[in-house]
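For reference, the chains in residue letters:
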Amino acid sequence: MLSTVVIAFLLGFSPTQQPSEEIVNQWNSLSQEEVQVLVQNFENEYKIKFSDVTDENIGTLEGLESVRAMRALDMRGN
Amino acid sequence: MISISHANFVLGFRCKSKCSHCFVDATPDHQIGMSLAIADSLSKQIGAEDEILTVHFSGGEPFAYMDAMALAIDNLVSREKSIIISTGCSEFTSLAAVEQLFSQLKRVDRLWVSFDSFHLENVPIENFRYLNDYVKNHASIKVGYSICYRSIKEYASTLLEIQREGFIYDSIIKQPVVDFGRGKRLVPYPQTLSNNIPDDFKCSEVSLANIWPDGTVTNCGIFAGRNPGIKRFDTLRSFLDGNSGDVFSVIRSKYSLKEINQKFGICTTVNTLAPCTVCKSFLENGMLKTIYEETAET
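The notes below deal with the structure included here. Along every chain, residues carry numbers that run from 1 in the direction the sequence is written. For naming, the first written chain is A and the first written ligand is 1, with later ones following in the order written. Two thresholds apply to this predicted model, a pLDDT of at least 70 for residue-level local features and 80 or more for giving and counting side-chain atom pairs, whereas whole-chain, interface and lining totals are computed over all residues. Only hydrogens and water are removed before side-chain values are computed, so all heavy atoms of the structure are retained for them.

### A look at the overall build of chain B
Then step 1. The way it works is that DSSP assigns letters per residue, a run of H or I at least four long becomes a helix, a run of E at least two long becomes a strand, and they are numbered from the N terminus. Check the secondary structure of chain B and you find 12 helices and eight strands.
Then step 2. Residue contacts follow a heavy-atom distance rule, with two residues in contact if any of their heavy atoms lie within 4.5 Å. Sequence-distant contacts, at least 24 apart, represent 76% of the contacts inside chain B between residues at least 6 apart.
Then step 3. We get accessible surface area from the Shrake-Rupley algorithm with a probe of 1.4 Å; when it comes to residues, only the shown protein chains can shield them. Summed over its atoms, the accessible surface of chain B is roughly 11,400 Å², and 47% of this surface lies on carbon and sulfur atoms.

### Things to note about the overall build of chain A
Then step 1. Across its full length, chain A holds four helices and zero strands.
Then step 2. Expressed as a percentage of the 78 residues in chain A, the buried residues total 53%.
Then step 3. Once local pairs closer than 6 in sequence are excluded, the contacts in chain A between residues at least 24 apart make up 42%.
Then step 4. Within the structure as shown, chain A displays about 3,600 Å² of accessible surface, and the carbon and sulfur contribution to it stands at 51%. To sort residues, take the accessible area from a 1.4 Å probe on protein chains only and compare it with the maximum for the residue type: under 20% means buried, over 50% means exposed, and anything in between is partly exposed.

### Some thoughts on helix H3 (residues 95-103) of chain B
Residues and elements named next belong to chain B.
Then step 1. Ala97, Val98, Leu101 and Phe102 are the residues of H3 that are buried. Seen end-on, H3 carries its buried residues on one side only, within an arc spanning 125 degrees. Looking at H3, the residues exposed on the side facing more than 90 degrees away from the buried face are Ala96 and Ser103. By definition, the arc is the one covered by directions from the helix axis to the C-beta atoms.

### So, unusual backbone geometry
Residues and elements named next belong to chain B.
Then step 1. Here the bond from Gly59 into Gly60 is cis, since omega is 15 degrees, no more than 30 degrees from zero.
Then step 2. Assignment of secondary structure puts Gly60 in the loop between strand S2 (54-58) and helix H2 (66-76).
Then step 3. The backbone phi angle of Cys89 is positive, close to 70 degrees, even though this residue is not glycine.
Then step 4. Structurally, the position occupied by Cys89 is in the loop between strand S3 (82-87) and H3.

### Description of the state of the cysteines
All names here are of chain B.
Then step 1. Working definition: a disulfide is two cysteine sulfur atoms within 2.5 Å of each other. Taken as a whole, this structure holds zero disulfides over all chains when the rule is applied.
Then step 2. No disulfide involves Cys89; its sulfur sits 10 Å from the nearest other cysteine sulfur, which is in Cys15.
Then step 3. The class of Cys89 is buried, set by a relative accessible area of 1%.

### Quick word on the environment of Cys89(B)
Then step 1. Separated by 35 residues in the primary sequence, Cys89(B) and Pro124(B) place their C-alpha atoms 8.9 Å from one another.
Then step 2. In contact with Cys89(B), other than residues within four places in its own chain, are Glu61(B), Val113(B), Val123(B), Asn127(B), Phe128(B) and Leu131(B).

### Considerations on the packing of aromatic side chains
Residues and elements named next belong to chain B.
Then step 1. Stacked, tilted and edge-to-face are the three classes applied to pairs of Phe, Tyr and Trp rings, where Trp contributes its six-membered ring and a pair requires centres within 6.5 Å; stacked means planes under 30 degrees apart, edge-to-face means over 60, and tilted covers the rest. In this structure the tally under the stated criterion is 11 aromatic pairs over all chains.
Then step 2. Seen from their ring centres, Phe63 and Phe102 are 5.3 Å apart, and the 45 degrees between their planes marks the pair as tilted. Taken together, the positions of Phe63 in the loop between S2 and H2 and Phe102 in helix H3 put the pair 39 residues apart, joining distant regions of the chain. The same class applies to Phe63 and to Phe102, which are both buried.
Then step 3. Ring centres 4.9 Å apart and planes at 80 degrees place the aromatic pair Phe115 and Phe128 in the edge-to-face group. Taken together, the positions of Phe115 in the loop between strand S4 (110-114) and helix H4 (117-120) and Phe128 in helix H5 (residues 125-136) put the pair 13 residues apart, joining distant regions of the chain.

### Description of helix H3 (residues 32-46) of chain A
Then step 1. A helix's residues, less one, multiplied by 1.5 Å, set its expected span. Over its 15 residues, H3(A) runs 21 Å from end to end, which matches the ideal 21 Å to within 8%, given 1.5 Å per residue.
Then step 2. Within H3(A) the residues assigned to the buried category are Glu34(A), Val37(A), Leu38(A), Val39(A), Asn41(A), Phe42(A), Glu45(A) and Tyr46(A).

### Looking at the nonpolar core
The nonpolar side chains of a soluble globular protein tend to be buried, and buried together.
Then step 1. Within the largest apolar cluster, 60 residues are counted, with the highest numbers of intra-cluster contacts made by Phe57(B) and Phe102(B).
Then step 2. The element that contributes the greatest number of residues to this core is H2(B), accounting for seven residues.
Then step 3. Setting aside its immediate chain neighbours within four residues, Phe102(B) contacts Phe63(B), Phe92(B), Val108(B), Leu111(B), Leu131(B), Tyr134(B) and Ile141(B).
Then step 4. Core analysis: the next-biggest nonpolar cluster, separate from the first, contains five residues, Val39(A), Phe42(A), Phe50(A) and Val53(A) among them. Think of a nonpolar core as a cluster: buried Ala, Val, Leu, Ile, Met, Phe, Trp, Tyr and Cys residues, connected wherever their side-chain atoms sit within 4.5 Å.

### Focus on the side chain of Glu49(B)
Then step 1. The residue Glu49(B) is located in the loop between helix H1 (36-47) and S2 in this model.
Then step 2. For Glu49(B), the residues in contact, after removing those within four places along its chain, are Lys81(B), Leu236(B), Arg237(B) and Leu240(B).

### What to know about the pattern of salt bridges
All names here are of chain B.
Then step 1. Between Lys or Arg on one side and Asp or Glu on the other, a salt bridge is scored when a side-chain nitrogen of the former is within 4 Å of a carboxyl oxygen of the latter. Using the criterion set out here, one finds 10 salt bridges over all chains in the structure.
Then step 2. The partner of Glu91 in a salt bridge is Lys16, with the nearest N and O atoms 4.0 Å apart. Of this pair, Glu91 sits in the loop between S3 and H3 while Lys16 sits in the loop between strand S1 (6-10) and H1, and the two are 75 residues apart along the sequence.
Then step 3. When its relative accessible area of 22% is taken as the criterion, Glu91 is described as partly exposed.
Then step 4. A salt bridge links Asp74 to Lys106, with the nearest nitrogen and oxygen atoms 3.5 Å apart. Placement of Asp74 in helix H2 and of Lys106 in the loop between H3 and S4 is noted, with a sequence separation of 32 residues between them.
Then step 5. Residue class for Asp74 comes out partly exposed when judged on its relative accessible area of 31%.
Then step 6. Among the charged side chains, a salt-bridge network with shared partners connects Glu126, Arg129 and Glu165.

### What to know about the packing of H3(B) against H5(B)
Residue and element names in this part refer to chain B.
Then step 1. To define axes, lines are fitted to C-alpha atoms, for helices over the stretch in contact only, and angles between the resulting N-to-C directions are given on a 0 to 180 degree scale. Interaxial distance between H3 and H5 falls to 8 Å at its minimum, and their mutual angle equals 55 degrees. It follows that H3 is oblique to H5 by the angle criterion. Here the hand of the crossing between H3 and H5 comes out right-handed. On the side of H3, the interface is formed by Leu95, Val98, Glu99 and Phe102, while H5 contributes Tyr130, Leu131, Asp133 and Tyr134.
Then step 2. When its residues are assigned to classes, the contact of H3 with H5 shows six nonpolar, no polar and two charged. Here the word oblique covers every angle except those under 35 degrees (roughly parallel), over 145 (roughly antiparallel) and from 65 to 115 (roughly perpendicular). Handedness of a helix crossing follows the sense of rotation of the near helix relative to the far helix, less than a right angle counterclockwise being left-handed and clockwise being right-handed. Side-chain classes are defined by residue name, with Ala, Val, Leu, Ile, Met, Phe, Trp, Tyr, Cys and Pro counting as nonpolar, Asp, Glu, Lys and Arg as charged, and the others, Gly among them, as polar.

This is how it looks when you write it as structure tokens:
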């Protein structure tokens, strides 16, 4: 079972937040193929092996998250 | 002085997609669009501002406003700025149509393509394939996909579809949304949050100049300009120079967000959870989650 903090980050939420129980349940409902594509996309985006992400080191990804947040800002309107 | 690194042209509110969570309620029959005179004037002003590094065109569907977008890009193309367009691909009805549209644009550095179950309700998947065929032969254009989704499963299945289609991209944006159903208004965050905002809360760095179709400028894309109460600026220069008594100073130093809401009536229809520079601070302060949970129950 993944840490809820890691799940939150994977889904675009801040690692400082815990995802709700509903989100954890949604995660647990995914097929293997769906988990695989999410993890693959995460690894491509952040250039890090997903298995190496832990509660302890996830804070180091926050700089990258800021870049992603700016990209999200670019997307408003569509 | 506030540093503004990013300018966003909202060219108009017409779009063939009718996403229920759209922050400007874009529809196919919307008549509001930026005039050529405004596009010409504002793009020249932005071109002259060295601090603005990125210029983004959105809508509505920006390719529905080709004359204004092409003119603005003409004015910007010789400047050292990245030119970015967000598109829902509704105008890309054939490969020839894609080629014809892009032939009018002197330079495009990046496209953000809105590809998700919302857009696919109204835009054939062939349109996205035509664009992909085009960018295959134009490697200078970087492509990212933006995915709005109501559940993790929906997000994952969209990623799988992109993979199966063989679409070229270098980045994905996740945009979880709260879907209230077509035609229903979403909850403006001040109403949702007014009782939850800590008295000492302040927004994080604001670095966006948002240019609305009528030429006025606001500080943030999600503080939608057509909503009442937002501080607006007549010119880009007044916006960039505004460091006393304007919305930036009140956001950054003088008042808490709760007080800003009370004094200035800032309101919007925040309904996506993807964090921008402002909403990221909501997120980090635990308030975006509050929006989600409260609106989800509405």
